[in-house]
Amino acid sequence: MGDPIQLKDEGNKFFQAGDNDKAIECYTNAVKVCKDKKVLAVIYRNRSACHLKKENYANAASDASKAIDVDAADIKALYRRCQALEKLEKLDMAFKDAQRCATLEPKNKTFLDTLRRLGAKIQAKLKTTFSTDSRVQKMFDILFDEEIGKEKKEKAANNLIVLSREDAGAERIFQNNGVSILLKMIETGKPEMILAAVRALSGMCTGHKARAMAIVNLVGVDKLCSIMAVDNEEIALATCNLFQCINDSLTGADKRDYGKEASLVLDASKDLKTILLALLEMVSNAKVSGHGRDQALNLLTKNVPRKNKKEGDHSRSLFTIDHGLKKILKVCGQVAELPDQMPLTENTQLIASVLLNLIYDDLKCDPERNNFREICDEYIKAKIDPNNMDKTLHAINTISGLLQGPFEVGNALVGHQGVMEMIVALCGSEREVDQMVAVEALIHSSTKMSRASFIITNGVSLLKDIYKKTKNERIKIRALVGLCKLGSAGGDDYSLRQFAEGSTEKLAKQCRKWLCNPQIDTKTRKWAIEGLAYLTNDADVKDDFVEDEPAMKAMFELAKSTDKTILYAVACILVNCTNSYDKKEIMPELVQLAKFSKQHVPEQHPKDKKDFIVKRVKRMLKAGVISALAVMVKVDNSILTDQSKEMLARVFLALSEDPKDHGTIVAQGGGKALIPLALEGTDGGKVKASHALARIASISNPEIAFPGERVYEVVRPLVSLLHTDKEGQQNYEALRSLTNLAAFSEKLRTKIVKEKALPEIENHMFEPNDKIRLAATECMCNLVTCKEVQERYLQDGNDKLKLLVLLCGEDDDGLQIAAAGALAMLTSSQKKLCTKMTLVTIQWLEILQRLCLNTNIKIQHRGLVIVYNMLNSDDNELAKKLMESEVLEILTVIGKSEDNPKKQDPIDVARTCLVKAMELGLIKPFSSPS
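Only a predicted model underlies this, so the values are computations on that prediction, with no experimental measurement involved. (Residues numbered from 1 in each chain as written. Predicted model: local features only at pLDDT ≥ 70, side-chain atom pairs only at ≥ 80, totals over all residues. Heavy atoms only, no water.)

## Regarding the overall build of the chain
Secondary structure assignment for the chain yields 54 helices and 0 strands. In terms of overall size, the chain is more extended than a compact globule, its C-alpha atoms giving a radius of gyration of 39 Å where 930 residues would be expected to give roughly 30 Å. By its C-alpha atoms, the chain is 110 × 105 × 60 Å across when sized along the principal axes. A total of 930 residues make up the chain; the buried ones form 53% of that total. Looking at the chain alone, contacts between residues at least 24 apart form 68% of all its contacts between residues at least 6 apart. Accessible surface, the chain as shown: approximately 44,800 Å² in total, 51% of it carbon and sulfur. (Helix = DSSP H or I, 4+ residues; strand = E, 2+ residues; numbered from the N terminus. Rg over C-alpha atoms; globule rule 2.2 N^0.38 Å. Buried < 20%, exposed > 50% of the residue type's maximum accessible area, 1.4 Å probe, protein only. Contact = heavy atoms within 4.5 Å. Areas by Shrake-Rupley, 256 points an atom, 1.4 Å probe, with all protein chains shown as cover.)

## Here's the deal with the environment of Ala 168
Within the fold, Ala 168 resides in helix α10 (residues 167–175). C-alpha of Ala 168 to C-alpha of Ala 77: the two residues are 91 residues apart in sequence and 45 Å apart in space.

## Overview of the packing of aromatic side chains
A complete count under the given rule lists 3 aromatic pairs for this structure. Here Tyr 79 and Phe 111 contribute two aromatic rings whose centre-to-centre distance is 5.3 Å and whose plane-to-plane angle is 50 degrees, an arrangement assigned as tilted. Pair noted here: Tyr 79 is in helix α5 (residues 75–87) and Phe 111 is in helix α7 (residues 109–130), with a separation of 32 residues, a long-range link. You'll find Tyr 79 and Phe 111 in the same group, each marked buried. (Phe/Tyr/Trp six-rings, centres within 6.5 Å; stacked < 30°, edge-to-face > 60°.)

## Overview of unusual backbone geometry
A positive phi angle, near 65 degrees, is found at Glu 89, a position not held by glycine. Here Glu 89 lies in the loop between α5 and α6 (91–104). Its identity as a non-glycine residue notwithstanding, Asn 579 has a phi of 55 degrees, on the positive side. For Asn 579, the location among the structural elements is in the loop between α32 (567–578) and α33 (588–596).

## Focus on the state of the cysteines
As enumerated under the stated definition, the model contains 0 disulfides in all. Here Cys 516 is not cross-linked by a disulfide; its sulfur's nearest cysteine counterpart is in Cys 511, at 11 Å. Taking relative accessible area as the criterion, Cys 516 reaches 29% and is therefore assigned partly exposed. Take Cys 852: it sits in no disulfide, and the sulfur closest to it among the cysteines is that of Cys 913, at 7.8 Å. Looking at Cys 852, the relative accessible area reads 2%, which means it is buried. (Disulfide = S-S within 2.5 Å.)

## Overview of the packing of helix α1 (residues 4–16) against helix α3 (residues 37–53)
One way to put it is that α1 packs onto α3 with a least axis distance of 11 Å and a crossing angle of 25 degrees. On the basis of the axis angle, α1 is roughly parallel to α3. In the packing of α1 onto α3, the handedness of the crossing is left-handed. Taken together, the residues of α3 that come into contact with α1 (itself represented by Ile 5, Lys 8, Asn 12 and Phe 15) are Val 39, Val 42, Ile 43, Asn 46, Ala 49, Cys 50 and Lys 53. (Axes fitted to C-alpha atoms, helices over the stretch in contact; angles between N-to-C directions. Parallel < 35°, antiparallel > 145°, perpendicular 65-115°, else oblique. Left-handed = near helix turned anticlockwise from the far one by under 90°.)

## Some details on helix α50 (residues 844–853)
Those residues of α50 that fall on the buried side of the exposure criterion are Trp 844, Ile 847, Leu 848, Gln 849, Leu 851 and Cys 852. Against the buried residues of α50 lie α47 (800–808), α48 (813–829), α49 (832–840), α51 (857–871), α52 (876–883) and α53 (887–895).

## Thoughts on a positive patch on the surface
Taken together, the side chains of Lys 125, Lys 138, Lys 152 and Lys 155 make up a positively charged region of the molecular surface. With respect to the helices and strands, Lys 155 occurs in helix α9 (residues 150–165). Look at Lys 155 and you get exposed, because its relative accessible area is 58%. (Patch = residues over 30% accessible without salt bridge, like charges linked within 9 Å, V, L, I, M, F, W, Y side chains within 5 Å. Salt bridge = Lys/Arg side-chain N within 4 Å of Asp/Glu carboxyl O. Lys, Arg positive; Asp, Glu negative; His and termini not counted. Charge placed at Lys NZ, Arg CZ, Asp CG, Glu CD.)

## Side note on the nonpolar core
Ranked by size, the top nonpolar core spans 265 residues in total, and within it Leu 182, Phe 372, Leu 515, Leu 629 and Tyr 793 carry the most contacts. When residues in this core are grouped by element, the largest group, 10 residues, is from helix α12 (residues 191–205). Among residues more than four places away in sequence, those in contact with Tyr 793 are Met 765, Met 780, Val 784, Lys 800, Leu 801, Leu 804, Leu 826, Leu 833 and Lys 836. (Core = buried A, V, L, I, M, F, W, Y, C linked by side-chain atoms within 4.5 Å.)

## Some details on the confidence of the model for the chain
Mean pLDDT over the chain stands at 85; residues scoring 70 or higher make up 91%. Overall, residues 257–265 carries pLDDT values under 50, and its contacts beyond four positions in sequence, including any with other chains, amount to 12 contacts. Every residue in residues 490–498 is under pLDDT 50, and counting partners more than four places away or in other chains gives 28 contacts. (pLDDT = per-residue confidence, 0-100.)

## Quick look at helix α31 (residues 549–559)
Restricting attention to buried positions, one finds in α31 the residues Ala 551, Met 552, Ala 554, Met 555, Phe 556, Leu 558 and Ala 559. Next to the buried residues of α31 lie α28 (503–515), α29 (522–535), α30 (539–547), α32, α34 (610–623) and α35 (625–633).

## Points about the pattern of salt bridges
Summed over the entire model, instances satisfying the criterion amount to 46 salt bridges. Among the ionic contacts, a cluster of salt bridges with common partners joins Glu 86, Arg 117 and Lys 121.

## Remarks on the environment of Gly 531
Tracing the chain through its elements places Gly 531 in helix α29. On a C-alpha basis, the gap between Gly 531 and Gly 482 in space is 7.6 Å, while along the polypeptide they are 49 residues apart. Each residue touching Gly 531, except ones within four places of it in the same chain, is listed here: Val 481, Cys 484 and Cys 511.

## Side note on the packing of α3 against α5
Working note: a packed helix pair is described by the angle between its axes plus the distance between those axes. It is the contact of α3 with α5, at a shortest axis distance of 10 Å, that shows an interaxial angle of 25 degrees. As summarised for this structure, α3 and α5 are arranged roughly parallel, according to the angle between their axes. For the element pair α3 and α5, the recorded crossing hand is left-handed. Here Arg 45, Asn 46, Ser 48, Ala 49 and Leu 52 of α3 come into contact with α5, specifically with Lys 76, Ala 77, Arg 80, Gln 83 and Ala 84. In terms of residue class, the contact of α3 with α5 is built from 4 nonpolar, 3 polar and 3 charged. (Nonpolar A, V, L, I, M, F, W, Y, C, P; charged D, E, K, R; others polar.)

## Some remarks on the side chain of Glu 755
Along the chain, Glu 755 turns up in the loop between α43 (746–754) and α44 (758–764). The buried category is assigned to Glu 755, whose relative accessible area is 16%. In this structure the side chain of Glu 755 is engaged in a polar contact, spanning 3.2 Å, whose partner is the side chain of Arg 716. Excluding residues within four positions of it along the chain, Glu 755 makes contact with Val 715, Arg 716 and Val 719. (Polar contact = N/O pair within 3.5 Å; in protein donor to acceptor, adjacent residues only side chain to side chain.)

## Quick notes on the side chain of Ser 48
For Ser 48, the location among the structural elements is in helix α3. Looking at Ser 48, its side chain comes within polar contact range of the main-chain oxygen of Ala 60, at 2.8 Å.

## Focus on the environment of Arg 293
Tracing the sequence through the fold places Arg 293 in helix α17 (residues 290–303). For the pair Arg 293 and Met 870, spaced 577 residues apart in sequence, the C-alpha to C-alpha distance is 72 Å. Side-chain polar atoms of Arg 293 contact the backbone oxygen of Met 282, separated by 3.3 Å.

Listed below in structure tokens is the structure:
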């Protein structure tokens, strides 16, 4: 091959002559035969120079790196690599090489100039890279580049969504023709592109009226509806969220301030009306997917009825009744088993029923309600046709929907002449679909006890007949649920059993059998849960059910499924099994009076006593009830009504009664699940969820129970329990939980103060109840490190400091520890309070001496710290007064004590006090005679 040195020299000659190709060929041959590392490094460095001349920058950088691997201080190789990297736009790496060169030769002007130039280029590139415009353009380029992989595209889509949620990002996307580009993404038809575009549009609309109105007009309501109509649950949900963001921005429901543009927008009522009409059109459009229909109904549920009955305007409800009531009724009447039905999900009909109920409930007067009933009446009359069984089935199914919604409207329709007879006739039909619809109507119409008694007389034999004769499991199970419902008409009153002893247990056993059978479809198994929801009013059935772990687990699994119509029934079962429903207190005197006058007296089942309930709770926790509840709470759906939320809150409260179970509840996500229940729903439900939160937060590590930012959401529900209109137990547990949170971080303490908890905590410090007073004082002790709390104690004209001093003189050890601890921290932080403390009560010195002489080491330690703070307060008169009192003798006795690990804290503080007194010249050091 030849001598490497000779080949290198030949290469050098070619390089000097400007023949880079020949030079590279010589250097390459030299590399192949060279064994000396140092010579090899020179050859690579030289070849790197040839590649630079030929503008082969990647090869130039590679060869220079090989030379640097041999000698890290090879300045020529470093500079050549720096030049190559700069051309490759790897500016940060080039800058490092230039820095190394300048370090090796600090006076080399070329290196210094290169360093300055690269620094300026890096700054310019960073400015461009991180400018919002460039980030937006970069995301769009990646999303439309067919050659880029799926993972990078997903990342770009997520980045685009994040950008759209920042006001600056949203504005740049909007100004840079972003809406039309997002529409192009939607036109691709790719689900991931559609999702990214819709979510980005949501970000742009959030809280900005001007942008929201512009986007509605640029994209078009029809286009948005067509996106929501696709058969893709995720896209339908994302578009529903976009509509909600638009609605909130146009109505002003989103209170955030995003700039002055919002004030320039004209009246948005026309756009809001257009959206409402479009959603109503979607509800009854056969081309809309089941998921799209669900989301249209959800949007109507959220935005049509008033959220608060104190608001005067309910025109949206009246508008919906006039333009869309029949369309919603049409959805209620759909029978999936018949041909040419609209696409539905398992949840659609129930969502429609919930919407009907909310709209009816929103009406203010009888004429409005009469109009609602008349429209329903006309609709049903037009559909009942003895010659067209499919139309009749639609009418009966619509009545079932109304019975699940505004019950009194459905109940009135059932009472119309011929309707109940038609239901009975359908029960005897040979078509299975007829029987199924009729049995479901019977079940729904027996919700109220008065109706149940009518059907018990006329319908029990009919349902029994269907149950015995039919071979279709789906009909059999529905007939059984009807019997279950009728059998439970007496509720939990043991004396009002409708059926013979043991009948309800047999019915429940059959329901559990179906529930555990995976061969039966989910919709049918749902009816087994429906049956148990009625039967678990009976304590024997409750006990049998919780003993049957496979049945419980099967129910929990179904509760986690996509069919959300099951939520209410599951919630009912859980409330029944935990006995967390409201119980009327029965006064013995009234019982005697009722017996004497031969009136009905409710009786409690023996298995509804405390020890049985506790056993049931333990079994449910073991079977995984908390994880099921956590999934149920997450449902962003109108099916999870305020009533359902309240029932789940009741269950949580019952499950959290024993502190030993709190670990299980936290581990399975119960802490997180309780937060939305405590913030939304009925007043009673929010109180119960807040109470359960208080129980968990009082003894759990906040970081584990409420991870991340969630812990700050817990504070408001807890503070709401401090009000005097709440029960003492709720006050006590809220105070304990706030004490635990306040001990955790300064940020949490600040949050508690911001939620206006201080006045309530101070009120409870005056409470005659010892436990509540102690809890309030402990809470205050943990809050006094906050500046705002200290300022309250510094203010004149209140008894806050006096109360704290007097509480230090109480006999209760816990109360003294808390009050003295608060006083020690306050006097340490605010020297003025040391003097103020002596003015609030003449008993201060006596109380302080009692603290310092206390046999409880913790109390004594806190008392001595207060003494030290007073000596250190810059008030010489106060320090002098202390040293002239018995306090000096107490300090001397404690300070002279022998070291003792158990008592060392107070001994050390006493000695520090004596040293401070000597420094102040109030006492002289003890000296022995010469």
